[in-house]
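Reading the structure
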Amino acid sequence: MDEDNLERLAELEHIQWCEWAEVMSHELSFLVDIIDKYDIDLSDDENKFVLHVKDRINNWDKLLIPYSDLPEEEKEKDREYAQKTYEIFDEKL
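**Digging into the environment of isoleucine 15**
With respect to the secondary-structure elements, isoleucine 15 resides in helix 1 (residues 3-37). Here isoleucine 15 falls in the partly exposed class, since its relative accessible area comes to 40%. Sequence separation between isoleucine 15 and lysine 48 is 33 residues; the distance between their C-alpha atoms is 30 Å.

**A closer look at the side chain of aspartate 78**
Tracing the backbone through its elements, the reader meets aspartate 78 in helix 3 (residues 72-92). Notably, aspartate 78 is buried but unbridged: the nearest opposite-charge side chain belongs to arginine 79, and the N-O separation is 8.1 Å. With sequence-adjacent residues up to four places away left out, aspartate 78 is seen in contact with Ala10, Glu13, His14, Tyr67 and Leu70.

**A short note on the pattern of salt bridges**
Pairing between side chains becomes possible if they bear opposite charge and their charged atoms approach one another. In the structure shown here, the tally under the stated rule is five salt bridges. The partner of aspartate 36 in a salt bridge is lysine 54, with the nearest N and O atoms 3.3 Å apart. Here aspartate 36 is found in helix 1, whereas its partner lysine 54 is found in helix 2 (residues 44-63), with 18 residues between them in sequence. You can call aspartate 36 partly exposed: its relative accessible area is 44%. Residue classification places lysine 54 among the partly exposed residues on the basis of a relative accessible area of 29%. For arginine 79, the salt bridge is made with glutamate 72, and the minimal N-O distance between the two is 2.6 Å.

**Some details on helix 3**
The terminal C-alpha atoms of helix 3, which comprises 21 residues, lie 30 Å apart, in line with the 30 Å expected from a rise of 1.5 Å per residue. Listed as buried for helix 3 are Glu74, Lys75, Asp78, Arg79 and Ala82. For helix 3, the arc enclosing every buried residue in end-on projection is 130°, short of the 170-degree limit, so these residues lie on one face. Relative to its buried face, helix 3 has exposed residues pointing more than 90 degrees away, namely Glu73, Ile88 and Glu91.

**Considering the packing of helix 1 against helix 3**
Direction vectors running N to C along helix 1 and helix 3 enclose 110°, while the axes themselves pass 8 Å from each other. In terms of orientation, helix 1 and helix 3 fall into the roughly perpendicular class. The element helix 1 and its partner helix 3 pack so that their crossing is right-handed. When helix 1 is examined against helix 3, the residues Leu6, Glu7, Leu9, Ala10, Glu13 and His14 are found in contact with a partner set consisting of Asp78, Arg79, Tyr81, Ala82, Gln83 and Tyr86. The residue inventory of the contact of helix 1 with helix 3, partitioned by class, reads six nonpolar, two polar and four charged.

Analysis parameters
- Residues numbered from 1 in each chain as written.
- Predicted model: local features only at pLDDT ≥ 70, side-chain atom pairs only at ≥ 80, totals over all residues.
- Heavy atoms only, no water.
- Helix = DSSP H or I, 4+ residues; strand = E, 2+ residues; numbered from the N terminus.
- Buried < 20%, exposed > 50% of the residue type's maximum accessible area, 1.4 Å probe, protein only.
- Lys, Arg positive; Asp, Glu negative; His and termini not counted.
- Salt bridge = Lys/Arg side-chain N within 4 Å of Asp/Glu carboxyl O.
- Contact = heavy atoms within 4.5 Å.
- Expected span 1.5 Å × (residues − 1).
- Arc of directions from axis to C-beta.
- Axes fitted to C-alpha atoms, helices over the stretch in contact; angles between N-to-C directions.
- Parallel < 35°, antiparallel > 145°, perpendicular 65-115°, else oblique.
- Left-handed = near helix turned anticlockwise from the far one by under 90°.
- Nonpolar A, V, L, I, M, F, W, Y, C, P; charged D, E, K, R; others polar.

This is the structure in structure tokens:
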């Protein structure tokens, strides 16, 4: 696979991930907001989990940017999945 096609597939992978992450971020933020709003009493483990979810949302939100603006290490993750996609189609051709 040439580099141009790999980058195009990687960008598509990022676009798909962004769509998924936006939905998940919105839904998880809604749940976290309910917990915060109603001051729900949580166990220590549950509080740790909520903090983990908040961190994950923050990390996702930082990556909801165009592929071209991603740090190289993040682009590489998308390239790995782009390569896997290519390999599936290459086997069938």
